[in-house]
Amino acid sequence: MVITNSVCIYGHVQHIVGGENFGWTIPEYKDYYSNWSSNQSFHVGDTLVFEFESEFHNVMQVSRREYDECASQNPYQAFIIGPATVALIQEGIQYFICCTADYCNLGQKLSAAVQPSSSTPSTLSTPSSPPPTSQSHQNADHVGPSSSSTDSLMRTTTIISSGVSSFSFTPLGFRDWVLLKESLHVLFAYIYDFLSAASQDISERAMKQAKTFAASYMNGDNLNCIGKENL
């Protein structure tokens, strides 16, 4: 009996090669991984998880010829530290072997037939235009960029999950613009005060060092040591 273990993550499946209780190792019989693979459904976007002990096993993604010959002179990918996760990024049959000793000939090899992606991204719809506003509202005083109406200004939140995007819209009204303006005013006031204080501090230090230099020069002190206590 072949144990099947897989976890679905955002529409894609994470396949634990050989089953969670067996993993990637020398199988009990040569057809173990072939039987396991035939009970799986692999799609583009899925992943294979090879769980193995790094001291004794590895994973080599190879060509069909090297898979049949249990050779790995020119592997497409090589994983020597377990567990190893391999993304299935294209359709077709993918081949994997363990090149340690004679493990491949003992059955530690896997072929996975990868099908097209099972999830189809949804089509994004274009948001409809906001309804027209009354003439009195258009002539009213308002804060923010000029347009047909402040209600037509939208905040857009984009949620991306597995390549699928959805949009939600919330009007940015008059009160929001007022709060934004006040927040920016406070922010710039803090920045101005900070820069003013920093400039004053630098000026005072420069003046103090200049006085020290002049005093040392008049006294004939070693100029190389001027102002060290003030640095």
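Summarised in this report is the structure supplied together with it. (Residues numbered from 1 in each chain as written. Predicted model: local features only at pLDDT ≥ 70, side-chain atom pairs only at ≥ 80, totals over all residues. Heavy atoms only, no water.)

In this section: the pairing of strand S8 (residues 92-97). Here strand S5 (residues 59-62) runs beside S8; their pairing, made up of three bridges, is antiparallel. Each bridged residue has a counterpart across the sheet, and for Gln61 the counterpart in S8 is Phe96. (Pairing = 2+ DSSP bridges. Helix = DSSP H or I, 4+ residues; strand = E, 2+ residues; numbered from the N terminus.)

Once that is clear, we can look at the packing of aromatic side chains. Enumeration over the complete set of coordinates arrives at nine aromatic pairs. A ring pair is formed by Trp24 and Phe50, whose centres lie 5.0 Å apart and whose planes are at 85°; its orientation type is edge-to-face. Here Trp24 is found in the loop between strand S2 (12-16) and helix H1 (32-38), whereas its partner Phe50 is found in strand S4 (residues 47-50), with 26 residues between them in sequence. Each member of the pair, Trp24 as well as Phe50, carries the same accessibility label: buried. Aromatic pair Tyr67 and Tyr95: ring centres 4.9 Å apart, planes at 45°, arrangement tilted. Of the two residues, Tyr67 is situated in helix H2 (residues 64-69) and Tyr95 in strand S8; the sequence distance between them amounts to 28 residues. Residues Tyr67 and Tyr95 agree in their burial class; the two are buried. (Phe/Tyr/Trp six-rings, centres within 6.5 Å; stacked < 30°, edge-to-face > 60°. Buried < 20%, exposed > 50% of the residue type's maximum accessible area, 1.4 Å probe, protein only.)

One pass over the structure, following the stated rule, counts two salt bridges. Among the salt bridges present, the one from Arg64 reaches Asp68, with a minimum N-O distance of 3.0 Å. Here Asp68 and Arg64 lie together in helix H2, a separation of four residues that amounts to about one turn. Asp68 gets classed as partly exposed once you look at its relative accessible area, which sits at 46%. For Arg65, the salt bridge is made with Glu69, and the minimal N-O distance between the two is 3.1 Å. Placement of both Arg65 and Glu69 in helix H2 is noted, with a separation of four residues, approximately one turn of the helix. Of the residues examined, Arg65 reaches a relative accessible area of 46% and is grouped as partly exposed. (Salt bridge = Lys/Arg side-chain N within 4 Å of Asp/Glu carboxyl O.)

Before going further, it helps to examine unusual backbone geometry. Glycine aside, a negative phi is what most residues show, and trans is what most peptide bonds show. Cis geometry marks the peptide bond from Gly82 to Pro83; its omega dihedral reads -5°. Here Pro83 shows up in the loop between strand S6 (77-79) and strand S7 (84-87). Backbone geometry at Cys70 places phi at a positive 55°, although glycine is not the residue there. Even without being glycine, Ala101 reaches a positive phi, approximately 45°. If you trace the backbone, Ala101 turns up in the loop between S8 and strand S9 (109-115). Take Ala101: its relative accessible area is 71%, and that puts it in the exposed class.

Right, let's get into the nonpolar core. Membership of the largest hydrophobic core comes to 20 residues, with the highest contact counts inside it found for Val17, Trp24, Leu48, Phe50 and Leu110. Contributing elements (two or more residues each) for this core: H1, S4, S7 and S9. Not counting the four nearest positions on each side in its chain, Leu110 is found in contact with Val17, Trp24, Tyr33, Trp36, Ser37, Leu48, Phe50, Tyr67, Gln94, Tyr95 and Phe96. By size, the runner-up hydrophobic cluster in this structure holds seven residues, among which are Met60, Val62, Tyr67 and Cys104. (Core = buried A, V, L, I, M, F, W, Y, C linked by side-chain atoms within 4.5 Å. Contact = heavy atoms within 4.5 Å.)

Tallied over the full model, the rule gives one disulfide. For Cys70, the disulfide goes to Cys104, at an S-S distance of 2.1 Å. On the sign convention where negative is left-handed, the bridge of Cys70 and Cys104, at about -75° about the S-S bond, is left-handed. Here Cys104 lies in the loop between S8 and S9 and Cys70 lies in the loop between H2 and S6, a separation of 34 residues in the sequence. Cys104 matches Cys70 in its accessibility class, with the two residues each being buried. Of all cysteine sulfurs, the one in Cys98 lies closest to Cys99, which takes part in no disulfide; the gap is 6.1 Å. (Disulfide = S-S within 2.5 Å.)

Moving on, we get to the side chain of Gln108. Relative to the helices and strands, Gln108 is located in the loop between S8 and S9. The exposure class of Gln108 is buried, given its relative accessible area of 0%. Every residue in contact with Gln108, bar those within four places of it in the chain, is listed here: Trp24, Thr25, Ile26, Pro27, Tyr33, His57, Ile97, Cys98 and Tyr103.

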